[in-house]
Amino acid sequence: MRQQLHPTILAIESSCDETSASVIQSGKVLNNVIASQAVHHKYGGVVPELASRAHQQNILQVVNEAMQSAGIKNEDLNAIAFTRGPGLMGSLVVGVSFAKGMALALGVPLIEVNHMEAHVLAHFIDEPRPQFPFLCLTVSGGHTQIVLVNDYLDMRVIGETQDDAVGEAFDKAAKMMGLPYPGGPLIDQYAKLGNPKAFKFSQTVMPDLSFSFSGIKTAFLYFLRDRKKEDENFVEKNLNDICASLQLHLVQMLLQKVKLASHQTGIKEIAIAGGVAANSGLREAMKLTAQEMNWKIFIPEFQYCTDNAAMIAMAAYYKFLAGRFCGLEVAPIANLGIGDKA
Ligand code: KG4
Ligand code: ZN
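Residues numbered from 1 in each chain as written. Chains lettered and ligands numbered in written order. Predicted model: local features only at pLDDT ≥ 70, side-chain atom pairs only at ≥ 80, totals over all residues. Heavy atoms only, no water.

*Asks:* Explain the site of ligand 1 here, please?
*Replies:* Looking at ligand 1, there are 18 residues lining it, with Gly141, Asp171, Asp188, Asn279 and Asp307 nearest. Separating an oxygen atom of ligand 1 from a backbone N or O atom of Asp307 is a distance of 3.0 Å. Contact with the protein chains hides 89% of the accessible area of ligand 1, taken as 560 Å² for the molecule alone. Secondary-structure elements contributing two or more residues to the shell around ligand 1 are helix 3 (115-121), helix 4 (166-176) and helix 5 (184-191). For the shell around ligand 1, the leading source of residues is helix 5, giving 3 residues. Its residues assigned to classes, the shell around ligand 1 comprises 4 nonpolar, 11 polar and 3 charged. Each of two domains, domain 1 (8-121 + 305-321) and domain 2 (130-300), supplies a minimum of three residues to the shell around ligand 1. (Near = heavy atom within 4 Å. Polar contact = N/O pair within 3.5 Å; in protein donor to acceptor, adjacent residues only side chain to side chain. Areas by Shrake-Rupley, 256 points an atom, 1.4 Å probe, with all protein chains shown as cover. Helix = DSSP H or I, 4+ residues; strand = E, 2+ residues; numbered from the N terminus. Nonpolar A, V, L, I, M, F, W, Y, C, P; charged D, E, K, R; others polar. Domains from an automatic or database assignment.)

What follows is the structure, encoded as structure tokens:
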């Protein structure tokens, strides 16, 4: 096994609807090639079967592009990393199988990466990097978690949603307003032009560090239904204000729990990660709260918020240094959790 302290690793991400590859050398990410799948837009959500097929079609080209743009040859690689889960099984299988085939052909070790841990480790791609221990609010289409991060490979979830993820709440609300998938970025865009205090929504109170987003989804459905009874063009006429109000509501729900987590742990080093970390309302609110609470905050670059292989590469680098490789028998796990020893 070619093991050293300055490894060159190819990482592959295929957990949902982005096919991505990245090369990392001596801990420095060289690139982050992403092929997004437009095929899902017209269906209002990711269609697993189509996602799997699109990964199969894209993966070779994405990997080739990452290798070529990094100026790396197959024989320069010291390991191949892949996302093991969580994610859609049919999507994960494509990346896992591709990685195994390549590792076998090149005679290099494999590294399995937990997608949610990688979202957290995206904070180590660029400066400034958080100091341990820190808290990370990880918010995506499938997850809403507060993670206590003690070290690169030592983290645990201290609070999470009991039902839907916040990204799902954004996307479902957008769908109710007739917006295409994924609706989160569109709500963000319209919210910039609207009044966040125009409409109020009731809040589900959850104990301790738990979140719940199913209540707001239903409340929003009834809100639209009732308003449309009065004016059938209510959404079209008030789109910006509705988006701004809903976004503020969701962002406040998130920040309330992060404040509580910081209070309970005494940790003031706070990061956000995952697709919803791209939300401008959340990014702004984090900055304001940081001033108020004396937090040091870490907000990743946009390309490292949504799904990407650079974060998988970063996680793989730390696993390489720790000698944590896996065998060819390793299979994807759709519901893999942070800290799970599979
Ligand atoms: O992390 P991610 O790319 O994939 C998952 O692992 O789920 O997150 C995707 C989620 C989607 O729900 C999408 O609507 C949401 O992130 N998202 C946003 C924004 N950009 C992406 N939500 C709100 N505002 C945004 N700017
Ligand atoms: Zn993700």
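*Asks:* How should the pattern of salt bridges be read in this particular structure?
*Replies:* It is possible for side chains of opposite charge to pair when their charged atoms get near one another. Tallied over the entire structure, the rule returns 11 salt bridges. For Glu49, the salt bridge identified is with Arg53, shortest N-O distance 3.7 Å. Taken together, the residues span about one helical turn, with Glu49 and Arg53 both in helix 1 (residues 48-70) at a distance of 4 residues. The residue Arg129 makes a salt bridge to Glu127 at a minimum N-O spacing of 3.2 Å. (Salt bridge = Lys/Arg side-chain N within 4 Å of Asp/Glu carboxyl O.)

*Asks:* How should I be thinking about the packing of aromatic side chains in this particular structure?
*Replies:* For any pair of aromatic rings, the description rests on two quantities: the centre-to-centre distance and the angle between the ring planes. The tally for this structure, following the rule as stated, stands at 16 aromatic pairs. Between Phe124 and Phe132 the ring centres are 5.6 Å apart and the planes differ by 25°, which places this aromatic pair in the stacked class. Looking at Phe124, the relative accessible area reads 2%, which means it is buried. Following the ring pairs from residue to residue traces out a cluster consisting of Phe124, Phe132, Phe134, Tyr152, Tyr317 and Tyr318. (Phe/Tyr/Trp six-rings, centres within 6.5 Å; stacked < 30°, edge-to-face > 60°. Buried < 20%, exposed > 50% of the residue type's maximum accessible area, 1.4 Å probe, protein only.)

*Asks:* Sorry, what's going on with the coordination of the zinc ion (ligand 2) here?
*Replies:* As a benchmark, a tetrahedral metal site with four donors has ideal angles of 109.5 degrees, while an octahedral site with six donors has ideal angles of 90 or 180 degrees. At the metal site, the zinc ion (ligand 2) is ligated by His115 (NE2), His119 (NE2) and Asp307 (OD), and these contacts range over 2.0 to 2.2 Å. Ordering the donors of the zinc ion (ligand 2) by residue number gives the pattern H-x3-H-x187-D. With a gap of 4 residues between them, His115 and His119 both fall in helix 3, about one helical turn apart. Taking the relative accessible area as the measure of exposure, His115 reaches 5% and is therefore buried. Residue classification places His119 among the buried residues on the basis of a relative accessible area of 1%. (Donors = N, O, S within 2.8 Å, 3.2 Å for Na, K, Ca; no water.)

*Asks:* Sorry, what's going on with helix 8 (residues 280-293) here?
*Replies:* Since the α-helix turns once every 3.6 residues, residues separated by three or four places project in the same direction. The terminal C-alpha atoms of helix 8 lie 20 Å apart, and with 14 residues this matches the ideal 20 Å at 1.5 Å per residue to within 8%. For helix 8, the set of buried residues is Ser280, Leu282, Arg283, Ala285, Met286, Thr289 and Ala290. Where helix 8 is buried, its residues meet strand 7 (134-139), helix 5, helix 7 (234-265), strand 10 (269-273) and strand 11 (296-298). (Expected span 1.5 Å × (residues − 1). Contact = heavy atoms within 4.5 Å.)

*Asks:* Looking at this structure, I do not really get the pairing of strand 5 (residues 79-85). What am I missing?
*Replies:* For a regular strand, side chains alternate in direction, first toward one face of the sheet and then toward the other. Counting buried positions along strand 5 gives 7 out of 7 residues, so the element sits mostly inside the fold. By the bridge criterion, 4 bridges tie strand 1 (residues 8-13) to strand 5 in an arrangement that is parallel. Paired with Ile9 across the strands is Ala79, a residue of strand 5. Bridge analysis of strand 5 against strand 6 (residues 110-114) gives 5 bridges, and the strand direction is parallel. Each bridged residue has a counterpart across the sheet, and for Ile80 the counterpart in strand 6 is Leu110. (Pairing = 2+ DSSP bridges.)

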